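# Coordinates in review
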Amino acid sequence: MNKTNLILFLFIFLFCSAIYGKPLEKKTITRKTDPIIITGNKLKPLIGTSIEKIRLYAESGGVLKPIPHQIDERKPDGDFVFPFGPKPSYDVDRGIFDDNDELIFMAKDVGGRAAEYDFPDGFRKKAEIMVTDPLTQGRGWAYIFSFSAPPPPSKVDYVTMQKNGQRIKALNYETSFSKNAIIGFDSLVITKAGGGSGKNTTDRLKIRATMKTRVLPLTITKTEDDFTSSLIAYIDGPVRVIRRTKNQMYLFWKIPTPASVIDNIYYYDFFLWPTIVNVPF
């Protein structure tokens, strides 16, 4: 190689390195805990695609890499599809991404804005997702692709369900449901990854319910021992676990109250117990 060609080669090499090693726009969002939930109607290019052929990427170190994500299906009535457990359910389209299905990933996993020459080989459809913090206006990006032959997804799994639904193991905590008072947990561990000791410091979740009637001078007092809970079905993805249970309280002897259905939702460092109770009066 002569001197002129060598200079030209070095110029091209440095020029390409400068382009390929940097995102078009750097990530400025700093949120860690927040999950990002996007319904299919906002990702029109992917509608009608088999969920198994969809992957999510984000820029890291100048390269697009797969990030943890999942797509939870919802039925036409809006209820979740629960693929696992004693009473699993199914969507009418059996695994096709549609308008009310949900893409879930964590805000902390987004990256900078990527150029098209950084996109993975072999994709068929794509959509760019921009995430904006409403408080700071910080931004980050993720990229959703469909493939005929999808590459491996991210190996990261933030939260899992174990022991037939009685134990949740997440990155920053672990919790187990009580064998004696199955409505609640009797173990809550903050892991070392979450800044804790890794040891259980919890006795158990306690419930103290007192009800008084106006018709009769009657007071009813109940504790966690007066409740029953049974697993219906669950979702177990790399970003969140949703555990659906049927729960009742015994009023007198073995006479139960109307049942409530609870979806426990677990992410890598927090969980939610939204509760809906339907009673006939």
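Above this text sits the structure in question.
Notes on the structure in this doc start here.

What counts as what
- Residues numbered from 1 in each chain as written.
- Predicted model: local features only at pLDDT ≥ 70, side-chain atom pairs only at ≥ 80, totals over all residues.
- Heavy atoms only, no water.
- Helix = DSSP H or I, 4+ residues; strand = E, 2+ residues; numbered from the N terminus.
- Rg over C-alpha atoms; globule rule 2.2 N^0.38 Å.
- Buried < 20%, exposed > 50% of the residue type's maximum accessible area, 1.4 Å probe, protein only.
- Contact = heavy atoms within 4.5 Å.
- Areas by Shrake-Rupley, 256 points an atom, 1.4 Å probe, with all protein chains shown as cover.
- Lys, Arg positive; Asp, Glu negative; His and termini not counted.
- Charge placed at Lys NZ, Arg CZ, Asp CG, Glu CD.
- Pairing = 2+ DSSP bridges.
- Axes fitted to C-alpha atoms, helices over the stretch in contact; angles between N-to-C directions.
- Core = buried A, V, L, I, M, F, W, Y, C linked by side-chain atoms within 4.5 Å.
- Patch = residues over 30% accessible without salt bridge, like charges linked within 9 Å, V, L, I, M, F, W, Y side chains within 5 Å.
- Salt bridge = Lys/Arg side-chain N within 4 Å of Asp/Glu carboxyl O.
- Phe/Tyr/Trp six-rings, centres within 6.5 Å; stacked < 30°, edge-to-face > 60°.
- Lys NZ or Arg CZ within 6 Å of the ring centre and 35° of its normal.

Right, let's get into the overall build of the chain. A tally of helices and strands in the chain yields one helix and 19 strands. On C-alpha atoms alone, the chain measures out to a radius of gyration of 24 Å, which is more than a quarter above the 19 Å that the 2.2 N^0.38 rule sets for 281 residues. Oriented by its inertia axes, the alpha-carbon framework of the chain measures out at about 100 × 45 × 35 Å. Burial status across the chain gives 39% buried among its 281 residues. Put simply, 57% of the contacts in the chain that link residues at least 6 apart link residues at least 24 apart. Counting every atom, the chain has about 16,300 Å² of accessible surface; 57% of that belongs to carbon and sulfur. A distance of 4 Å separates the average location of the 39 positive side-chain charges in the chain from that of its 30 negative side-chain charges.

Below, the discussion takes up the sheet that holds strand S8 (residues 159-162). Taken in spatial order, the four strands line up as S8-S9-S10-S11 in an open sheet, and their pairing is antiparallel. Strands at the two margins of the open sheet, each flanked by one partner only, are S8 and strand S11 (185-190). Recorded for the sheet is a direction-independent mean angle of 10° between the axes of neighbouring strands. With five bridges joining them, strand S10 (residues 173-177) and S11 adopt antiparallel strand pairing. Paired with Ser176 across the two strands is Ser187, which belongs to S11.

Next up on the list: the sheet that holds strand S1 (residues 35-39). In space, the three strands of this open sheet follow the order S1-S5-S4, with antiparallel pairing throughout. Every interior strand has two partners, whereas the edge strands, S1 and strand S4 (70-72), have only one. Adjacent strand axes in the sheet meet at a mean angle of 25° when their direction is disregarded. Bridge count for S4 against strand S5 (residues 102-106) is three bridges, and the pairing is antiparallel. Note that in S5 the partner of Gln70 across the bridge is Ile104.

A few words now on the nonpolar core. Generally speaking, soluble globular proteins have nonpolar side chains that are buried together. Core analysis: the biggest nonpolar cluster contains 21 residues, and Leu43, Leu56, Leu103, Phe105, Ile129 and Ile144 have the highest contact counts within it. Of all the secondary-structure elements, those providing two or more residues to this core are S1, strand S2 (54-60), S5, strand S6 (123-132) and strand S7 (139-147). Core analysis: the next-biggest nonpolar cluster, separate from the first, contains 13 residues, Phe80, Ile104, Tyr158 and Val239 among them.

Taken together, the side chains of Val215, Leu216, Leu218, Phe252, Trp253 and Ile255 present a nonpolar region at the surface, about 700 Å² in accessible area. Looking at where Leu216 falls in the secondary structure, it is placed in the loop between strand S12 (208-212) and strand S13 (219-223). Look at Leu216 and you get exposed, because its relative accessible area is 53%.

Attention now goes to the side chain of Arg244. As for its placement among the helices and strands, Arg244 is situated in strand S15 (residues 241-252). The residues contacting Arg244, other than those within four sequence positions of it, are Asp79, Phe82, Ser230, Leu231, Ile232, Ala233, Val261, Ile262 and Asp263.

Below, the discussion takes up the packing of aromatic side chains. Evaluated as defined, the whole model comprises 16 aromatic pairs. Both rings, one in Tyr158 and one in Tyr268, keep their centres 5.4 Å apart while their planes meet at 35°; by these two values the pair is tilted. Of this pair, Tyr158 sits in the loop between S7 and S8 while Tyr268 sits in the loop between strand S17 (260-266) and strand S18 (271-272), and the two are 110 residues apart along the sequence. Of the two residues examined, Tyr158 and Tyr268, each falls in the buried class. Connected via pairs of aromatic rings, a cluster forms that spans Tyr57, Phe119, Phe123, Tyr143, Phe145 and Phe147. Lying over the aromatic face of Tyr268, Lys108 brings its terminal NZ or CZ to 5.3 Å of the ring centre. Of note, Arg243 hangs over the ring of Phe177, and the distance from its end group to the ring centre comes to 3.8 Å.

None of this, on its own, says anything about what the molecule does.
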